[in-house]
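Summary of structural features
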Amino acid sequence: MNPICGDWRLQMKTPIGTIEADYHFEEHDGVVTGTANGAGEAVALTDLVTRDTPDGPRVTWRQQITRPLRLNLEYDVTITGGTLAGESRAGRLPRTRVTGRRITA
Amino acid sequence: MPVQIVLFDGFDPLDVIAPFEVFVAGSEYFLDNALDIALVSAEGARDVVSGSQGLTLRATASLDPHRPGIIVVPGASGPVDGDPDQGAETIPVLLARFAATGAIPLIAEAMHNPDVLVAAVCGGSLALAMGGLLEGRNVVTHALGMPLLDATGATAVNARVVDDGDLVTAGGVTSGLDLALYLLDRQFGPRIAHAVEGLFEYERRGTVWRAEGTAPATVPAIPAA
């Protein structure tokens, strides 16, 4: 089972302030998929890639949100036990910090 | 022809007044009052407080997406820097707040109406983009907002005025003059726009961008924020 599988709560900074969303990842036949739930909207993650690095399991994906505002986002996070940290980026805006922790769904 | 200029809490006064005065001058001096220019709001007639020192303008009617003509959406004025998490009401925060109001579904309706031309000045286009209305559209906003505009799925074009057919957008605050002069030119011809330019002692600058003709082999990149 991929270490990203399960449920996570992530916080990320956007130009209108920090937003929070819940993520669910699962693996079927070696393929990991994910969904983000935030601001009353569920969004499927795209271009989801997981790989092992010396710092821990690293996960990258893209997502398009429409709430609280329409944004194209890219994520790059590394898992350490029950937490994860990394960066997200909206288009060509500067990268911002993302943190997350595993939650029980 | 009706011209509805949309007020919202935190609007930028010049984004409203520059097009307002150009349309009023064009109508009253040179078009025999052909334009019916009104300040409106999604919430109906009300006093609307701008983002500049509390300067207040009065909306006299509700924004009506079924009225054929022009709808102008201004940007916001407020602090550029500051942390929204600490309560700073920055321009993106004000625009996102506007983008969450009933104005967005009304403007979406107007954008589907072939008899309505939607125009935006400065952050106005960014608010529409935040509301998800500018997917794949060619648009410009204030220089500071271009990277964010691009991140909303719109195609940010570095020009003072961008004509995308039934959507015409203009850059930073003063470009509202150019926007309204261009719209007078487009609707009534160059002599009307020229006459207003003479009266205002102001000339438009730059080339209005349209997705027509030969595309440049390379397009200069928009600098990151």
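These numbers come from a predicted model, not from an experiment.

Observations concerning the overall build of chain A
- From N to C terminus, chain A includes zero helices and nine strands.
- Counting from the amino terminus, helix and strand elements in chain A follow one another as β-β-β-β-β-β-β-β-β.
- Across the 105 residues of chain A, 29% fall into the buried class.
- Here the contacts in chain A between residues at least 6 apart in sequence split such that 31% fall between residues at least 24 apart.

Quick word on the overall build of chain B
- For chain B, the helix and strand inventory stands at seven helices and 12 strands.
- In terms of overall dimensions, chain B is globule-like: its C-alpha atoms have a radius of gyration of 16 Å, near the 17 Å expected for 225 residues.
- Counting only C-alpha atoms and orienting by the principal axes, one finds that chain B spans roughly 50 × 50 × 35 Å.
- The buried share of chain B, taken over its 225 residues, is 47%.
- Restricting the contact set of chain B to residue pairs at least 6 apart, pairs at least 24 apart contribute 62%.

Observations regarding the interface of chain A and chain B
- With 15 residues of chain A at the contact, the number on the chain B side is 18 residues.
- Only strand 2 (17–28) and strand 7 (71–80) of chain A provide two or more residues apiece to the side of chain A that touches chain B.

Quick word on the sheet that holds strand 7 (residues 116–121) of chain B
All names here are of chain B.
- Strand order in the open sheet made by the eight strands is 5-2-1-6-7-11-10-12, with mixed pairing throughout. Of all strands in the sheet, those with a lone pairing partner are strand 5 (61–62) and strand 12 (209–210), marking the two edges.
- Here helix 3 (residues 103–112) sits on the sheet in contact with strand 1 (2–6), strand 6 (69–73) and strand 7, set at roughly 130° to strand 7.
- Against the sheet, helix 6 (residues 175–188) engages strand 6, strand 7, strand 10 (161–163) and strand 11 (167–170), with an angle of about 150° to strand 11.

Details of the nonpolar core
- Membership of the largest hydrophobic core comes to 92 residues, with the highest contact counts inside it found for Val-6, Ile-71, Leu-95 and Ala-119 of chain B.
- Once residues lying within four places of it in the same chain are set aside, the contact partners of Leu-95 of chain B are Gly-75, Ala-76, Gly-123, Leu-126, Ala-127 and Met-130 of chain B.

Structural notes on the packing of helix 1 (residues 13–30) of chain B against helix 7 (residues 190–200) of chain B
All names here are of chain B.
- At a minimum axis distance of 10 Å, the contact between helix 1 and helix 7 shows a crossing angle of 110°. Classified by the angle their axes make, helix 1 and helix 7 are roughly perpendicular. Counting all contacts with helix 1, which are made through Val-22, Ala-25, Gly-26, Tyr-29 and Phe-30, the residues of helix 7 involved are Ile-192, Ala-195, Val-196, Leu-199 and Phe-200.
- The class makeup of the residues in the contact of helix 1 with helix 7 is nine nonpolar, one polar and no charged.

Structural notes on the sheet that holds strand 8 (residues 83–90) of chain A
All names here are of chain A.
- Spatially, 4-3-2-1-9-8-7-6-5 is the arrangement adopted by the nine strands of the open sheet, whose pairing is antiparallel. With one partner strand each, in any of the chains shown, strand 4 (41–44) and strand 5 (46–53) form the two edges of the open sheet. The mean angle between the axes of side-by-side strands here comes to 25°, regardless of whether they run parallel or antiparallel.
- With six bridges joining them, strand 5 and strand 6 (residues 56–65) adopt antiparallel strand pairing. Its bridge partner being in strand 6, Arg-51 is matched across the sheet by Arg-58.

What to know about helix 7 of chain B
Residue and element names in this part refer to chain B.
- Residues of helix 7 that are buried include every one of Ile-192, Ala-193 and Val-196, and no others. Each buried residue of helix 7 lies within a common arc of 95° when the element is viewed along its axis, so the set occupies one face. Seen from the buried face of helix 7, the exposed residues on the opposite side, beyond 90 degrees, are Pro-190, Arg-191 and Gly-198.
- Close packing links the buried residues of helix 7 with helix 1 and helix 6.

Let's talk about the UniProt feature "domain: DJ-1/PfpI" (unreviewed entry) in chain B
- The UniProt record annotates "domain: DJ-1/PfpI" (unreviewed entry) at residues 108–184 of chain B.
- Helix makes up 36% of residues 108–184 of chain B and strand 22%. Its end C-alpha atoms lie 23 Å apart.

So, the confidence of the model for chain B
- Within chain B, residue pLDDT values average 96, and 98% of them lie at 70 or more.
- The ipTM for the predicted assembly is 0.92, set against a pTM of 0.95.

How each quantity is defined
Residues numbered from 1 in each chain as written. Chains lettered and ligands numbered in written order. Predicted model: local features only at pLDDT ≥ 70, side-chain atom pairs only at ≥ 80, totals over all residues. Helix = DSSP H or I, 4+ residues; strand = E, 2+ residues; numbered from the N terminus. Buried ≥ 20, exposed ≤ 12 C-beta atoms within 10 Å, placed from the backbone. Contact = placed C-beta atoms within 7 Å. Rg over C-alpha atoms; globule rule 2.2 N^0.38 Å. Pairing = 2+ DSSP bridges. Axes fitted to C-alpha atoms, helices over the stretch in contact; angles between N-to-C directions. Core = buried A, V, L, I, M, F, W, Y, C linked by C-beta atoms within 7 Å. Parallel < 35°, antiparallel > 145°, perpendicular 65-115°, else oblique. Nonpolar A, V, L, I, M, F, W, Y, C, P; charged D, E, K, R; others polar. Arc of directions from axis to C-beta. UniProt positions renumbered as here; feature names shortened; annotations may be inferred. pLDDT = per-residue confidence, 0-100.

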